[in-house]
Amino acid sequence: MVIEKLVRQLLIEIGEDPDREGLKGTPHRISKMFKEIYRGYDQTKAPKITTFPNGTDGITYDNMVIDQGDFYSQCEHHMKDFFGKYWFAYIPAPEGRILGISKIGRVVDYCSAKLQVQERLSHDIVAMLKEALMKDGAPEPLGIALVMKGRHMCKESRGARKKGIMTTTVIEGAFRDDPIVREEFMHQVGNVTEV
């Protein structure tokens, strides 16, 4: 109810009539929308990240695993959208754990659902996934990497009004230390030009 009152006052402040037909339900809709798009502040909504011991199904996997998908968030400076594509990769430790692949996208969505900057979002995603991979004392993955390419509406719709892609990276372990591993991953990221 508080959000609805604030949105109603905001509409008045920008010169609108919150009682006109098209806006009558807007404060309520905004309140419902905020609960959805800012669910990342609610720790009870954090995804359960399923992992499996490496090697339990007869194969020990120690090569690169890559997941890619879309993300959507909001900038903390202007509450404007930023969105784009992510590429997450890791190399499991032989005695480590394997991620359930659908959990990566769920972590991206959860971490994205709050006001922030893309740099922090990148680090939060990697930290949450790395923690899951190391649960129960499992060894750290041999490498972990994330690239995010995002369009920022605070730049495109106001201020500079220029389209541009912001790229952030978090690179650890073999992805940082081994140029061949890093090149293999970055080649996958480079094959996509449109965000």
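Quick caveat: nothing in here was measured; it's all calculated off a predicted structure.

A. How the structure looks around the packing of helix α3 (residues 101-112) against helix α4 (residues 118-133). At their nearest, the axes of α3 and α4 sit 9 Å apart, and the two run at 135° to each other. Taken together, α3 and α4 sit at an angle that is classed as oblique. Judged by the sense of rotation from one axis to the other, the crossing of α3 with α4 is right-handed. Contacts between α3 and α4 involve Ile-104, Val-107, Val-108, Tyr-110, Cys-111 and Ser-112 from the first element and Leu-121, Asp-124, Ile-125, Met-128 and Leu-129 from the second. The class makeup of the residues in the contact of α3 with α4 is nine nonpolar, one polar and one charged.

B. A look at the environment of His-152. Note on placement: His-152 falls in strand β6 (residues 143-152). Looking at His-152, the relative accessible area reads 13%, which means it is buried. As a C-alpha pair, His-152 and Phe-83 span 69 residues in sequence and 6.8 Å in three-dimensional space. His-152 has contacts with Asp-81, Phe-82, Gln-118, Gly-164 and Met-166, leaving out every residue within four places of it along the chain.

C. Expanded view of the nonpolar core. The biggest cluster of nonpolar side chains holds 24 residues, and the ones touching the most others in it are Tyr-86, Phe-88, Leu-99 and Ile-125. Every element with two or more residues in this core is listed here: β2 (65-75), β3 (81-91), β4 (97-99), α3, α4 and β6. The element contributing the most residues to this core is α4, with six residues. The contact partners of Ile-125, leaving out residues within four places of it in the chain, are Val-107, Val-108, Cys-111, Leu-146 and Met-148. Of all hydrophobic cores here, the second largest spans 12 residues; its members include Trp-87, Ala-145, Ile-171 and Phe-175.

D. Looking closely at the pattern of salt bridges. Under the counting rule described, the total for this entry stands at eight salt bridges. Residue Glu-172 pairs with Lys-130 through a salt bridge whose shortest N-O separation is 2.8 Å. Of the two residues, Glu-172 is situated in strand β7 (residues 165-173) and Lys-130 in helix α4; the sequence distance between them amounts to 42 residues. Note on Glu-172: relative accessible area 23%, which makes it partly exposed. Residue Glu-156 is joined to Arg-151 by a salt bridge in which the shortest nitrogen-to-oxygen separation is 2.6 Å. Here the two residues Glu-156 and Arg-151 agree in accessibility, since each one is buried. Each of the salt bridges in this network shares a partner with another, and the network as a whole consists of Lys-130, Glu-140 and Glu-172.

E. Main features of unusual backbone geometry. A positive phi angle, near 55°, is found at Met-79, a position not held by glycine. One can find Met-79 in the loop between β2 and β3. Judged by relative accessible area, which is 41%, Met-79 ranks as partly exposed.

F. Layout of the side chain of Ser-112. Within the secondary structure layout, Ser-112 lies in helix α3. A residue is classified by how much of its surface remains accessible, and Ser-112, at 3% relative accessible area, is buried. Ignoring sequence-local partners within four residues, the contact set of Ser-112 consists of Phe-71, Tyr-72, Ser-73, Gln-74 and Leu-121.

G. Quick look at helix α1 (residues 2-13). With 12 residues, α1 extends 17 Å between its outermost C-alpha atoms, agreeing within 8% with the 16 Å of an ideal straight helix rising 1.5 Å per residue. Of the residues trailing α1, Gly-15 is marked for its positive phi of about 100°.

H. Region of the structure containing the pairing of β2. Pairing analysis gives 10 bridges linking β2 to β3, with the strands arranged antiparallel. Looking at β3, one finds that Ser-73 is bridged to Phe-82. Between β2 and the antiparallel strand that follows it, β3, lie five residues; Met-79 among them carries a positive phi value of about 55°. Pairing of β2 with strand β5 (residues 115-116) involves two bridges; the strand directions are parallel. Bridge pairing in β5 places Cys-75 opposite Gln-116.

Cut-offs used in this document
Residues numbered from 1 in each chain as written. Predicted model: local features only at pLDDT ≥ 70, side-chain atom pairs only at ≥ 80, totals over all residues. Heavy atoms only, no water. Axes fitted to C-alpha atoms, helices over the stretch in contact; angles between N-to-C directions. Helix = DSSP H or I, 4+ residues; strand = E, 2+ residues; numbered from the N terminus. Parallel < 35°, antiparallel > 145°, perpendicular 65-115°, else oblique. Left-handed = near helix turned anticlockwise from the far one by under 90°. Contact = heavy atoms within 4.5 Å. Nonpolar A, V, L, I, M, F, W, Y, C, P; charged D, E, K, R; others polar. Buried < 20%, exposed > 50% of the residue type's maximum accessible area, 1.4 Å probe, protein only. Core = buried A, V, L, I, M, F, W, Y, C linked by side-chain atoms within 4.5 Å. Salt bridge = Lys/Arg side-chain N within 4 Å of Asp/Glu carboxyl O. Expected span 1.5 Å × (residues − 1). Pairing = 2+ DSSP bridges.

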